[in-house]
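So the chains spell out like this:
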Amino acid sequence: MALLKVKLFIVLLLSVIIGYATNQQPEPFLTDKEETVEKEIAIGLLVPFKGTSEAELAARLAIAEANEPAGNNGVKFKLIVRNTEGPWGVGSKESVSFIYEDNVKAIVGALDSRNAHLAEQVAAKSHVIFMSTWATDPTLSQAYVPWYFRCIPNDDQQAEVLFNEIVTKRNLNKILAITTDDYDSRFAVKSLVKKLARMSRPAPGCIAIKDENDYTQLISDKITDSNPGAIVLFTRPEVSDDVINKIRKINSKVPVFGNISTFAASKKENSLNSELKNIFVVSSEKEHTQSEINFSEAFKNRYGYLPGAKAAYSYDGIKLIIQAIQAVGTDYDKIREYLIQTTYKQGVTGEIKFDDMGNRTGDFKIIGL
């Protein structure tokens, strides 16, 4: 009987230990009393591939500026970068590593939407803030994870801007949408199709191109046959210039529109003929601000070329997290409340404020390139 009691005690003890290990949440980095003697506060950055990206360079610039003596208020930050390159699910693994190995106080993700979903699931479990700077899939915020925020307009918001400009304002008919065959592009065009359907407008013609194929004839045939009043691109930035140059050889006058990611390439990578006009893109900026000018100059001075949109949103995401931590400390719930309640007026991508689902709000617009 005594031996049985010992065995039962051991089983119960193991159950408690395992339950605690699987359900424990990361402890706050420091108590409120200790926050005045903070050492270095780690912020995690998730990027899609190995090697230095433009988003990482912008994030490092934001960290360097925060650590300058004039602005650090005695608090130092460090950036820890992990990538999601590899088999499906790596994004989740790296997010967990951020929290339990690196002890980051927030995660910023310059990721596509598929990998952002994995990072969001980790945020839901750990309550660590996940600031998405590039993923535009609307369903990310529809999961209503309180620790999820997005500082780029989502696909539905961008589709609204495109519809208002193309249909309401310009009254252009026969829309032709050109996409690349990837997750984010497919979701983006779906948002425009749904918006047109809700407003009882004809569905756009669609072309899905693949990088490995010569799509010149496909585009030529579609434009010649449909004679579109407007072309909307939902293409990856690395192919958008080539697509536009092909369009212009067929029709030099048709207006071409794009979402934010279509024209996201940095100035170093952009080879688009500057003489080609009548090109328009969704923007979260109302006008060129001093913050944008300062960021562009600082980035160019540090790295030798002007940044693109992906860098700008990554920079804003990091700066937002830094400002929140400087204001309220490293408690996850306090950071969340700060982000919900604060309007960030110094954003290089425009003023940033969030709704109760973590979406960026604002009066987004169309600008000409």
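Our subject is the structure that appears above.
The rules behind each value
- Residues numbered from 1 in each chain as written.
- Predicted model: local features only at pLDDT ≥ 70, side-chain atom pairs only at ≥ 80, totals over all residues.
- Heavy atoms only, no water.
- Pairing = 2+ DSSP bridges.
- Helix = DSSP H or I, 4+ residues; strand = E, 2+ residues; numbered from the N terminus.
- Axes fitted to C-alpha atoms, helices over the stretch in contact; angles between N-to-C directions.
- Contact = heavy atoms within 4.5 Å.
- Salt bridge = Lys/Arg side-chain N within 4 Å of Asp/Glu carboxyl O.

Trainee: Account for the pairing of strand β7 (residues 205–209), with residues named and values stated.
Mentor: Where strand β6 (residues 175–180) meets β7, five bridges bridge the pair, whose relative direction is parallel. Note that in β7 the partner of Thr-180 across the bridge is Ile-209.

Trainee: Please give an account of the sheet that holds β7 that cites residues and values.
Mentor: On the basis of which strands lie adjacent, the open sheet formed by six strands has the order β7-β6-β8-β9-β10-β13 and mixed pairing. Edge positions in the open sheet fall to β7 and β13 (365–368), since each of these has one partner strand only. Here the strands of the sheet are splayed against their neighbours by 25° on average, with no regard to which way each runs. Here strand β10 (residues 279–283) pairs with β13 via four bridges, running antiparallel. Each residue of the ladder has a partner; that of Ser-283, found in β13, is Lys-365. Lying over the sheet, helix α8 (residues 216–226) contacts β6, β7 and β8 (230–234), oriented at roughly 175° with respect to β7.

Trainee: Give me the lowdown on the pattern of salt bridges, citing residues and values where you can.
Mentor: According to the stated counting rule, one finds 15 salt bridges in the structure shown. Glu-56 serves as the salt-bridge partner of Arg-60, at 2.9 Å between the closest nitrogen and oxygen. Taken as a pair, Arg-60 and Glu-56 lie in helix α2 (residues 54–66) at a separation of four residues, close to a single helical turn. Taken together, the shared-partner salt bridges in this structure form one network comprising Arg-82, Lys-93, Glu-94, Glu-101 and Asp-102.

Trainee: Residues and numbers for the sheet that holds strand β1 (residues 40–47), please.
Mentor: Backbone-to-backbone hydrogen bonds join strands into a sheet, with any given pair of strands oriented parallel or antiparallel. Pairing in this open sheet of five strands is parallel, and the strands run β2-β1-β3-β4-β5 from one edge to the other. The sheet is open, and its two borders are formed by β2 (76–83) and β5 (148–150), each paired with just one other strand. Here the strands of the sheet are splayed against their neighbours by 25° on average, with no regard to which way each runs. Note that strand β4 (residues 129–132) and β5 share three bridges and pair parallel. Across the sheet, residue Phe-130 finds its bridge partner in β5, namely Tyr-148. Lying over the sheet, helix α12 (residues 332–341) contacts β4 and β5, oriented at roughly 35° with respect to β4.

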